[in-house]
Amino acid sequence: MALNPLTVFCRNMQCPARGKTNAGNIGVHSLKARRYKCAVCQKTFTQTAGTPFYRLRHSAELVTKVITLLAHGCPPQAIVAAFALDERTVASWRDRAGQHCQAVQEHLVEVPRDLGQVQMDEIRVKQQGHIGWMALALMVSTRLWLGGAVGLSRDANLITRLVEKVRACASALCLGLLFCTDGLKTYISAIGRVFREAVPSGQTGRPRLQAWKNIFIAQSVKQYEHGRVVGIDRRIIAGQAADIEAMLEGSQGGGVINTAFIERLNATFRQCLSSLVRRGRGLARQSRTLEMGMYLVGTIYNFCCAHQSLRLPGLIGGHKWLERTPAMAAAISDHRWSVSELLSYHVAPAPWQPPKRRGRVSRATKQLLARWCQ
Ligand SMILES: [Zn+2]
């Protein structure tokens, strides 16, 4: 593949031009070594810097293959046997890819948007010798996975971390935000605590916190008899029935209060994660492995998997379908990504800020700010 300096940015955190693409500061340093050079800070860096492929001895194709298999639930032992790799190599690739996918998810999905209806649920994950919990959240209209939290018990801490992930994706200016959950009470207090905004009062001390307007909460509680669902109790916890009905109509998630969409996502995660959680040493290590696996499965689901229910009728003759991934439905990407594309995506750092100094800002700093921080 040819090197394209226009799509690359400087990775040096001290460089005023960091994270800027198409700004004319990046040139090709070496075609053979596949390195770029930044004209502002004079640093060179390789094409794979900032991706899981950085400084690996194995080819990117092999790493991509292994990651794809892991994310689809293939047992690591099978990969070790099939590709003659060391078990630790496979584990290290999984962690590198998981970390990268977390960065991609935080960079592209955790951006304020009008979420409409959000469904949240928890799954039990059997780990060696104990039970772990994973809580997940889904935006219904686009089927976008918003984030998740991993913990040892289904407590307030786990649910709060999940709700904080949802808040990172939500816009305070939205028309309405409807949460559909199961009967777990922890959600109600966690949503109340997290969805608050500080009101500046101009005085010293802790500012008053004001709850977001237009937050609706509904529960869909299943009643079981001998392990079978015999009825569903639909409850409204916050908001008016008419408002919630309008929100349900608008989010293409069935006209009634339900948790069907998050349950479908849970099944996907459970299936793909089953083989990832078997091995590990300490508890903390196992939780980290589970979290890495969650980001791997979740981002591949968001960016690489077309969804039957998201497809649109095509323009040609009306019989061709336009396949869409959740990321496409949420207008984050314009095409279905390959796993290789996901793994080689470069997450841009935030724009450079000059180091804080006392006194007047020098003219040189002002010029740098004008050139790179607009
Ligand atoms: Zn630079």
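Quick note: structure is the one above.
All values derive from a computational prediction rather than experimental measurement. (Residues numbered from 1 in each chain as written. Predicted model: local features only at pLDDT ≥ 70, side-chain atom pairs only at ≥ 80, totals over all residues. Heavy atoms only, no water.)

Draft legend 1. Just the overall build of the protein, in detail. Helix and strand counts for the protein come out as 11 helices and 13 strands. Relative to its length of 374 residues, the protein is compact, with a C-alpha radius of gyration of 23 Å against a globular reference of 21 Å. Expressed as lengths along the three principal axes of its C-alpha atoms, the size of the protein is roughly 70 × 65 × 60 Å. Here the protein holds 374 residues, and 44% of them are scored as buried. In the protein, once contacts between residues fewer than 6 apart in sequence are set aside, the share between residues at least 24 apart is 61%. A total of about 20200 Å² of accessible surface is found on the protein, and carbon and sulfur atoms cover 52% of it. Looking at charge distribution, the protein has the averaged site of its 50 positive side-chain charges lying 12 Å from that of its 23 negative ones. (Helix = DSSP H or I, 4+ residues; strand = E, 2+ residues; numbered from the N terminus. Rg over C-alpha atoms; globule rule 2.2 N^0.38 Å. Buried < 20%, exposed > 50% of the residue type's maximum accessible area, 1.4 Å probe, protein only. Contact = heavy atoms within 4.5 Å. Areas by Shrake-Rupley, 256 points an atom, 1.4 Å probe, with all protein chains shown as cover. Lys, Arg positive; Asp, Glu negative; His and termini not counted. Charge placed at Lys NZ, Arg CZ, Asp CG, Glu CD.)

Draft legend 2. Representation of the coordination of the zinc ion within the structure. Around the zinc ion, the protein supplies C10 (SG), C15 (SG), C38 (SG) and C41 (SG) as donor atoms, at distances of 2.3 Å. Here the zinc ion binds 4 donor atoms, and the angle range of 106 to 114° at the metal identifies the geometry as tetrahedral. Of note, the donors binding the zinc ion are all from one chain and are spaced C-x4-C-x22-C-x2-C. (Donors = N, O, S within 2.8 Å, 3.2 Å for Na, K, Ca; no water. Tetrahedral: all angles 85-135°; square planar, octahedral: opposite > 155°, others 65-115°.)

Draft legend 3. Representation of the environment of Q77 within the structure. Within the fold, Q77 resides in helix 2 (residues 76-83). The partly exposed category is assigned to Q77, whose relative accessible area is 39%.

Draft legend 4. Looking closely at the packing of aromatic side chains. Counted under the stated rule, the structure contains 7 aromatic pairs. On the numbers, 5.6 Å between centres and 50° between planes, the contact of W145 with F269 is tilted. You can see W145 sitting in strand 6 (residues 144-151) and its partner F269 sitting in helix 7 (residues 260-273), a full 124 residues away along the chain. Taken together, W145, F269 and Y295 form an aromatic cluster joined through their ring pairs. Above the face of the W321 ring, R311 is positioned so that its terminal group lies 3.8 Å from the ring centre. We note R371 situated over the ring of W372; from NZ or CZ to the ring centre the distance is 4.1 Å. (Phe/Tyr/Trp six-rings, centres within 6.5 Å; stacked < 30°, edge-to-face > 60°. Lys NZ or Arg CZ within 6 Å of the ring centre and 35° of its normal.)

Draft legend 5. Structural context of the sheet that holds strand 3 (residues 44-46). Here we have 3 strands laid out as an open sheet, ordered 1-2-3, and antiparallel in their pairing. The open sheet terminates on both sides in strands that have one partner only, identified here as strand 1 (26-30) and strand 3. Between one strand axis and the next, the sheet turns by 40° as a mean value, whatever way the strands run. (Pairing = 2+ DSSP bridges. Axes fitted to C-alpha atoms, helices over the stretch in contact; angles between N-to-C directions.)

Draft legend 6. Representation of the environment of A137 in the model. Positionally, A137 belongs in strand 5 (residues 130-139). In this structure A137 comes out as buried when scored by relative accessible area, which is 0%. Distance in space between the C-alpha atoms of A137 and P351 is 29 Å, their sequence separation being 214 residues. In this view, A137 contacts V118, Q119, M120, L144, W145, L146, G147, L162, V166 and I262; residues no more than four positions away in its chain are not counted.

Draft legend 7. Just the packing of helix 1 (residues 60-71) against helix 2, in detail. At a minimum axis distance of 10 Å, the contact between helix 1 and helix 2 shows a crossing angle of 150°. In this view, helix 1 runs roughly antiparallel relative to helix 2, as classed from their interaxial angle. In this structure, helix 1 meets helix 2 at a crossing whose hand is right-handed. Two secondary-structure elements touch here, helix 1 through L62, K65, V66, L69 and L70 and helix 2 through P76, I79 and F83. (Parallel < 35°, antiparallel > 145°, perpendicular 65-115°, else oblique. Left-handed = near helix turned anticlockwise from the far one by under 90°.)

Draft legend 8. Region of interest: the pairing of strand 7 (residues 177-181). Of all the 5 residues making up strand 7, 5 are buried; the element is thus mostly covered by neighbouring parts of the structure. Neither face of strand 7 is open: one carries L177, F179 and T181, the other L178 and C180, and all of them are buried. In terms of strand pairing, strand 4 (residues 116-127) meets strand 7 through 4 bridges, oriented parallel. For Q119, the partnering residue across the bridge sits in strand 7 and is C180. In this sheet, strand 10 (residues 215-225) lies alongside strand 7 in parallel orientation, the contact comprising 5 bridges. Looking at strand 10, one finds that L178 is bridged to F216.

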